[in-house]
Amino acid sequence: MTAAPDRLTAALADRYRIGRELGQGGMATVYLAEDLRHDRKVAVKVLRPELAAVIGAERFLSEIKTTANLQHPHILPLHDSGTVNGTVFYVMPYVEGESLRDRLTREKQLPIADTVRIASEVASALDYAHRHGVIHRDIKPENILLHDGRALVADFGIALAASTSGTRMTETGMSLGTPHYMSPEQAMGEREITARSDVYALGAMTYEMLVGEPPFTGPTAQAIIARVLTTEPVPLSQIRRTVPAHVEDAVLTALQKLPADRFASAADFAAALGDANTTSRRTPPASPVDRTHRRARLLWPAAAALLGAAALWGWLRPAPVTPPSRQRVVLWKTPYPDFLLPGSVRVETRVAISPDGANIVFADSVGDDTQLFLKTGNEARPIAIEGTAGAAGPFFSPDGAWIGYFAHGGILRKIRLSGGGSIQLATSANETYPVGSWFDDGTIAFVDAANSLVRIPGDGGTVETLRPATPGHPDDPSVVTALPGSRGLLFTGCPGNCASGSAVYVFDRARHTTRLLVPNATGGWYSPTGHLLYTGRDGGLYAVGFDLKRMAVVAGAVSVADGVAPNGLALSASGTALLSFGTQDLRKSTLVRVARDGTAEPFAPDWTGNFEYPSLSPDGKTLAVSVRDRVTQLWVRRADGSRLRISRGELGSWRPSWAADGRSFAFVTTNGVSPGAGTNEVYQSPTDGSSPPRLLVHIRTNIWEAEFSRDGQWLVVRADNQASFGDVHARRLLGDTTLRLIYSDSSFNTQISLSPDSRWLAFTSDHSGSSEVYVASFPDMQVKYLISQGGGSEPRWARSGRELFFRSRGQLMSLPVAAGTGFAAGSARALFPVAAYANAVNRPQYDVEPDDRHFIMIRRPAREAAQELVLVEGFFADLVSKVSR
């Protein structure tokens, strides 16, 4: 308890007798007092001295004078205000009751009727104030008093007065507003704060009254603000099922990120809360024109972690208080983001730091495309770099004056950091792996469309091949880092979606040789301290001694950090680093058997692993499934629970499809079985492993999946060519077995599924601008139907052929299909939510049991770890310290 300042007590003795302290807040201390003139209890609030000094007594009294004229039954009135020797005070009625915070602390969740009533009363007060030109700016449960069941809004004008002090507020170390209830525009420090900001805060407070906590929480103010700016709130009905739909809709509308998407007034919010017939006013999520996700279809899904962290950090406003350590600063912390899904436009996996560590560049989605953004240390928000549409893979020149990047169509471009038009340098870059690096000699290294390492002068010119692509070798470049002195390149080999493992290699320019440096690594960087830094497939960041002259590893590895995302390091020459932390242990995935009503039971309770692409035999007794570790291997699980690994050695193999007789299955490989084989083939293996797999199909482009027809007549293959993505080929298994192209267009086509009678082929395509499920006549592919609406993927036919299953809007859908030569479908209906189960771009991640009543699915582990983007200043010194221990 704190006594009121003696001078204030003495100066007010003829008007108020100041008694005990009632409480303290971020801006004022409250005392119970007696109004001697009117014989009534009052609350005297004394502004904190440091805040009064920054704001100024006259400014504060001038600002809150406006609130003294607010007369409303749900606004706590202002009786008096003034200053005594620099001490600012104001007087309000003493309310015998409790604050909304007190009640929430006691009850946690309020009855829905009470919540709607309190929110409506606060909305009425806010609407009145807004119409009189007053924005509260600090709506929170602590500022809502409850008296005889009636809500009273307190402290109008205090946050407004504080906000007018400008940047001097940072001198106090105090924030304006409370992060849990701040609107995005207020959190970003926008000068223009409108009534819709109060509507957002009221929505956040209403959310807490209903479910027991605000929509966004976190361990620090920065973490909370990061979520306010970037994360969608969990729907209320998922936490508390009894919340009426119109109430949930009203709250979520109030919590929209853009002010224009919220209610225009607090009165509109109150009306929506009370009207059960209110229709949705929220803007539904748009289906983006997915022109850029083709680049992402091969990227290791965990690389999305760095993307999310880099993009989100750019919008964060640094905390005004200097952190206790400048060595390691958590810039962002939020639950681990979802993996890339079909339809995602956000494909960037690299963030670039300028050599001096002062500027960060990254790509993020803008509408249906991507664009480069620049974040500098003295700017609160990133700046969009004009003229960089479709950008990916940014990297800095050695002097930090230029940014190189990749645009649509495999075009290498550069643009000045200071602004201006971009310059085209080359048109032969690899769209799947848009990665490049600037040599000290001014030339640029990048990966071309043929997976060769090439270089080009920094001002454009002739492209020179440094290291030609080598089909059949598991070292296709996916990450490139130039070494000092232009001696060579570090690159990460990650062929075929990393199913065959990944490793860090070095290319020596003088000797024109390639050497394996670190197996099972996911990214590699050179440190001027004489170390090679690399991320392992186990999620660790390691340092190993590296002789730059010999281009060789010379010492054992030392652990630097745990839980670093693949490619989760960006390093500047000045010694500043960005580390992306937080990975999900996919080795703990489980196979589950899910009924049509959504109830699930373990399928193989004694078996965990990073499972992918389960496929059941025709009789449903045997399961073929890929298990990803250092190398993706195919396993068979029999009905008695015994297991057999089919693939061996360095053969990456996955996406099995059973032959009609159940004795063998086809699968796709990523680096070939025999010497000299191509990068992707289709093989057939007996289920008992009695003989080696035999080659069925070899195409010198990427093969993504293959499927046997259930009548034993066909093999269907989906592969890329140089001009399109997801061409469909077919060959008969008897007679003329020539592989023929049956379908090709400019769309990105995936996830083929042949009907049991072989008359229809279901597949996923972005032909309409978003991911949808189609069915086409097979094998002529002349008649095509759009099956899903509002998004769809992963089609699978029922064993009976009378249903088609697919994912759509977070549900597994069932579409009735009539038998016959024509295709006739009924109305699709949702079976159960599938958010907890694995999905993928290239092949369905589930299968249907013979009874058509159950499904084998993969349940991923809960994402318990948080994702952090950490800025480390003086990283080199920290590294040397750790290595020398």
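Scroll up for the structure.
Residues numbered from 1 in each chain as written. Predicted model: local features only at pLDDT ≥ 70, side-chain atom pairs only at ≥ 80, totals over all residues. Heavy atoms only, no water.

This part takes up the overall build of the protein chain. Along its length, the protein chain carries 14 helices and 57 strands. Looking at the protein chain residue by residue over its 885 residues, the buried ones come to 58%. Contacts in the protein chain between residues at least 24 apart in sequence constitute 50% of all its contacts with a sequence separation of at least 6. Of the accessible surface of the protein chain, which amounts to about 35100 Å², a share of 50% is contributed by carbon and sulfur atoms. (Helix = DSSP H or I, 4+ residues; strand = E, 2+ residues; numbered from the N terminus. Buried < 20%, exposed > 50% of the residue type's maximum accessible area, 1.4 Å probe, protein only. Contact = heavy atoms within 4.5 Å. Areas by Shrake-Rupley, 256 points an atom, 1.4 Å probe, with all protein chains shown as cover.)

Further remarks concern the sheet that holds strand 48 (residues 772-777). Strand order across the open sheet formed by 4 strands is 46-47-48-49, with antiparallel pairing between neighbours. Each edge of the open sheet carries a strand with a single partner, namely strand 46 (749-754) and strand 49 (784-786). Direction aside, neighbouring strands of the sheet carry axes that sit 25° apart on average. (Pairing = 2+ DSSP bridges. Axes fitted to C-alpha atoms, helices over the stretch in contact; angles between N-to-C directions.)

Now for the pattern of salt bridges. If charged atoms from side chains of opposite charge come close, those side chains can pair. This structure, assessed with the given rule, holds 31 salt bridges. When the shortest N-O distance is used, the salt bridge between Arg106 and Glu98 registers 2.7 Å. Judged by its relative accessible area of 23%, Glu98 falls in the partly exposed class. Close ionic contact of Arg511 with Asp508 constitutes a salt bridge, the shortest N to O distance being 2.5 Å. For Asp508, a relative accessible area of 7% translates into the label buried. One salt-bridge network, held together by shared partners, links Glu98, Arg103, Arg106, Glu107 and Asp114. (Salt bridge = Lys/Arg side-chain N within 4 Å of Asp/Glu carboxyl O.)

Residue position: Asp80 is located in strand 4 (residues 80-84). For Asp80, the side chain forms a polar contact with the side chain of Tyr16, separated by 3.0 Å. In contact with Asp80, other than residues within four places in its own chain, are Arg15, Tyr16, Phe89, Tyr90 and Val91. (Polar contact = N/O pair within 3.5 Å; in protein donor to acceptor, adjacent residues only side chain to side chain.)

What follows is about the packing of helix 5 (residues 112-131) against helix 12 (residues 266-274). Viewed as axis vectors pointing N to C, helix 5 and helix 12 meet at an angle of 160°, and their least axial separation amounts to 8 Å. Taken together, the axes of helix 5 and helix 12 are roughly antiparallel relative to one another. Considering only the axes of helix 5 and helix 12, their crossing is left-handed. Of helix 12, the residues touching helix 5 (which contributes Val116, Ala119, Ser120, Ala123, Leu126 and Asp127) are Ala266, Ala267, Ala270 and Leu273. (Parallel < 35°, antiparallel > 145°, perpendicular 65-115°, else oblique. Left-handed = near helix turned anticlockwise from the far one by under 90°.)

Let us now look at the pairing of strand 27 (residues 531-536). Remark: a regular strand shows side chains that alternate across the two faces of the sheet. Counting buried positions along strand 27 yields 6 of 6 residues, so the element is predominantly enclosed. Side chains of strand 27 alternate between two faces, with His531, Leu533 and Thr535 and Leu532, Tyr534 and Gly536 buried alike. Direction of pairing for strand 26 (residues 521-527) relative to strand 27: antiparallel, over a ladder of 6 bridges. The partner of Gly523 across the bridge, within strand 27, is Thr535. Pairing of strand 27 with strand 28 (residues 541-547), which is carried by 5 bridges, proceeds in the antiparallel orientation. Paired with His531 across the bridge in strand 28 is Gly545.

The next point concerns helix 11 (residues 245-254). A large share of helix 11 lies buried, amounting to 9 of its 10 residues. Of the positions making up helix 11, those classed as buried are His246, Val247, Glu248, Asp249, Ala250, Val251, Leu252, Thr253 and Ala254. Its buried side turned inward, helix 11 meets helix 5, helix 8 (195-211), helix 10 (236-239) and helix 12.

Looking at chain direction, strand 16 (residues 411-416) and strand 17 (residues 423-426) are connected through 3 bridges and run antiparallel. Bridging from a neighbouring strand, Arg413 pairs with Gln424 of strand 17.

Here we come to the sheet that holds strand 37 (residues 643-645). Where strands meet in a sheet, backbone hydrogen bonds hold them as pairs that are either parallel or antiparallel. Strand order in this open sheet of 4 strands is 34-35-36-37, and the pairing throughout is antiparallel. Each having just a single partner strand, strand 34 (611-616) and strand 37 make up the two edges of the open sheet. Averaged over all pairs of adjacent strands, the angle between strand axes in this sheet comes to 25°, irrespective of strand direction. Looking at chain direction, strand 35 (residues 623-628) and strand 36 (residues 632-637) are connected through 6 bridges and run antiparallel.

Nothing here speaks to function; it is geometry throughout.
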